[in-house]
Every structure is written in structure tokens, then in C-alpha cells.
Amino acid sequence: MEQVYAPGCAFMIYKPHLAKKVLMFLNEELGDIPEHLICCKHEPNLESGTVVINTCAGCDKRYRELYDGISTVSLWEILAESNKFSFPDYNGMEMTIHDACPTRTETRVHSAIRMLLSRPFIQRRNRSWYF
């Protein structure tokens, strides 16, 4: 099973340096993960059985529904399984995470996000993730 990281068009336009940091994290966490930069609205040219790691709920839906043999995993799911990712410390600022419409039927994504929200984040060393 091959895995690729598809950061999504918006992430690559808005914060390409963070997309690269996510790729570095994935390579440290999972091994050699190639970056997939073809927009999800175009034929991805991926082999059947490929798993697309994504940051965009729209990409998640399109890869799952439009391309036979392609499955997806959200970055949230990878983060929920990891003990290595250091989330930024926003000094107690309240935040909201919206359950995106394209993944509204994907309980795996919602469960991962809620698992992350329930963690006591002790590791707050990596301040370079600030948005």
C-alpha cells in the first residue's frame, strides 16, 4: 500500500511553508511519504490501493468518491495516533474546530479531532508551527 501526502491547493497557496513542515513530520513519523501536488479535481494518476493523506476535507471527499481504488486518511487521524507532534502553545486562547461538510459522514475524522481535543497537551516545545 503506497501512501502519498496531498496538502491541497489552498494550503499550498496560503501557507506552503506549513505544508512542507507537515510533509517533514509525516516523513519522520511514517517513513518516506511522497508529496502529491495534483489538484484533487484532476485525474490523480495514482495506482489503485494508494492511500492519500490529506489536510483538506474537500480533497478527502473527492479522492474517496471520484477515483476508484484510492482511499484517504485525514491528517487529523495521523496526528491522533502520534505522540511526537508538538502542537503550538497559544497561551489558553479559545479556538473552534468546524466539522467540515465534505467529511460530515466520516466519523473517523470527527473521532480523531475529538481525541486530539481531549488530550492534555504537555508537549508545547515546537513554537514554529504558529499560524
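In this text, all values refer to a predicted model and were calculated from it rather than measured experimentally. (Residues numbered from 1 in each chain as written. Predicted model: local features only at pLDDT ≥ 70, side-chain atom pairs only at ≥ 80, totals over all residues. Heavy atoms only, no water.)

**Student:** I'd love a proper account of helix α5 (residues 107–118), names of residues and values included.
**Tutor:** Taking 1.5 Å of rise per residue, the twelve residues of α5 would be expected to cover 16 Å, and the 16 Å separating its terminal C-alpha atoms lies within 8% of that figure. Looking only at α5, the buried set comprises V109, H110, A112, I113 and L116. Taken around the axis of α5, the buried residues stretch over an arc of 160°, which confines them to a single face. Set apart from the buried face of α5 by more than 90 degrees, the exposed residues are T107 and S118. For α5, the secondary structure elements touched by its buried residues are β3 (71–74) and α4 (75–81). (Helix = DSSP H or I, 4+ residues; strand = E, 2+ residues; numbered from the N terminus. Expected span 1.5 Å × (residues − 1). Buried < 20%, exposed > 50% of the residue type's maximum accessible area, 1.4 Å probe, protein only. Arc of directions from axis to C-beta. Contact = heavy atoms within 4.5 Å.)

**Student:** I'd like a description of the sheet that holds strand β1 (residues 3–6), backed by residues and values.
**Tutor:** Taking strand neighbours across the sheet as the criterion, the three strands line up as β1-β2-β3 in an open arrangement whose pairing is parallel. Where the open sheet ends on each side, the last strands, each with one partner, are β1 and β3. Strand-to-strand twist of the sheet, defined as the mean angle between neighbouring strand axes without regard to direction, takes the value 30°. Here four bridges tie strand β2 (residues 51–54) to β3, and the two strands are oriented parallel to one another. Bridging from a neighbouring strand, V51 pairs with S71 of β3. Seen against the sheet, helix α2 (residues 16–30) touches β1 and β2 and runs at an angle of roughly 160° to β1. Across the face of the sheet, helix α3 (residues 57–66) comes into contact with β1, β2 and β3 while running at roughly 160° to β3. (Pairing = 2+ DSSP bridges. Axes fitted to C-alpha atoms, helices over the stretch in contact; angles between N-to-C directions.)

**Student:** So what's going on with the nonpolar core? Which residues, and what values?
**Tutor:** Core analysis: the largest hydrophobic core is formed by 20 residues, its most contacted members being Y5, L26, I53, I78 and L79. If you tally residues by element for this core, the top one is α2, at six residues. Among all residues touching I78, those that are not within four sequence positions of it are F25, L26, L30, I53 and V73. Residues C40, L46, V52 and I70 belong to the second largest nonpolar core, which totals nine residues. (Core = buried A, V, L, I, M, F, W, Y, C linked by side-chain atoms within 4.5 Å.)

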